[in-house]
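# Remarks on the overall topology
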Amino acid sequence: MVQVHPFIIEPITYIAFENEAEQIEKCKEWSLLSEKASKSKAFFYKGNGMNLACSIVGYVDRMTAVISFDNEQKHCIHPSYLKEMQAANYGQRSSAIADEAASSDPVEAVSIEAEASSPNESVLEPQPEAVAPAEESKQQEPEAQAPPKGKAKKEKTPKLQLPEEKVKMSATVKEFTTVPNNFSDTEDEVVIYEAVSIADPATDVGVAWSSHSATLKKFELEIGDTIHFEGKIVAKKLTKHPIPYKINNPAKIQKETSES
């Protein structure tokens, strides 16, 4: 009979690694592997009086890794806690404390993210209806105001069909900013893009964001720079910003050179 681990916090949804290369890149970003590493390694989950072999199979977001055990159960954990568990002197007491913190915040983050993604459109939709009556009462032309309100709804209804695989894309840097990190005293650096488009099939995305990773920092990007790359785009809202899409793991990056 397969043993079921009672401490498991199953991810509601997560992004699975497509291959070992993507896993290695993410583990380097989390400092679980050295920058010179060319292969992955065995990882262990220590806590609840256990020492279990596990593999890192994906992530919910930048601060929530997803690990899988031999019984195929999946568990959310912060990468920093997983890194601490790899130490030979990691104690049971510190493991229990770390596990409690890791098992509460990721679920809360996933729940908040799920709630934020669905009401987003409903929040946008009623705004024209709330403004239109006020304008109608001022101008006393209720029938004349109705058509524009209907048009506004039609423009916001279509949903962008995002590809499930990595695709070739281009984007222009609009802004650099930071967002709160619930697991750290420091904030996460992010890049906000405009004029984001997918090459094939040709699709205008508009605005999107990504982590300002070590890979991106090598290109010393500035506002107004346009880059071409391969990456995966998902529907994920940026914290405290009206940016609905996130670009994950941009690779094969090429920066356009300015013509002067």
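Look up a bit, the structure's there.
In this report, we go over the structure that sits alongside the text.

Reading the values: the criteria
- Within each chain, residue numbers correspond to sequence positions counted from 1 in written order.
- Local features are withheld for residues below a pLDDT of 70 in this predicted model, meaning they are given only at 70 or higher, and side-chain atom pairs are given and counted only at 80 or more; totals for whole chains, interfaces and linings count all residues.
- Side-chain descriptors were evaluated using all non-hydrogen atoms of the structure, hydrogens and water having been removed beforehand.
- Two strands qualify as a pair provided that DSSP identifies no fewer than 2 bridges between them.
- In this description a helix means any DSSP run of H or I spanning at least four residues, a strand means any run of E spanning at least two, and both kinds are numbered starting from the N terminus.
- Each residue is assigned to one of three classes by its accessible area relative to the maximum for its type, calculated with a 1.4 Å probe on protein chains only: buried under 20%, partly exposed between the two thresholds, exposed over 50%.
- Only buried Ala, Val, Leu, Ile, Met, Phe, Trp, Tyr and Cys residues count toward a nonpolar core, and they belong to the same one when joined by side-chain atoms within 4.5 Å.

Turning to the pairing of strand S8 (residues 203-211), a few remarks are in order. Relative to S8, strand S7 (residues 188-198) runs antiparallel, the two being bridged by seven bridges. Paired with Val191 across the bridge in S8 is Ser210. Hairpin connection from S7 to S8: four residues lie between these consecutive antiparallel strands.

Counting buried positions over the 10 residues of strand S9 (residues 226-235) gives seven, a clear majority of the element. Pairing geometry for strand S6 (residues 167-179) and S9, over six bridges, is antiparallel. Opposite Lys168, over in S9, you have Glu230 as the bridge partner. Where S9 and strand S10 (residues 245-255) come together, seven bridges link them in antiparallel fashion. Following the sheet pairing, Ile233 is matched in S10 by Ile247.

Moving on to the nonpolar core. Tyr45, Ile56, Ile67, Phe69 and Ile77 are the most contacted members of the largest nonpolar core, which totals 25 residues. Within the residue set of this core, elements represented by two or more residues are helix H1 (20-29), strand S2 (43-47), strand S3 (50-61), strand S4 (64-69) and helix H2 (79-85). With four residues, the single largest contributor to this core is S3. Grouped together as the second largest cluster of nonpolar side chains are 18 residues, Val196, Ile198, Val205 and Tyr245 included.

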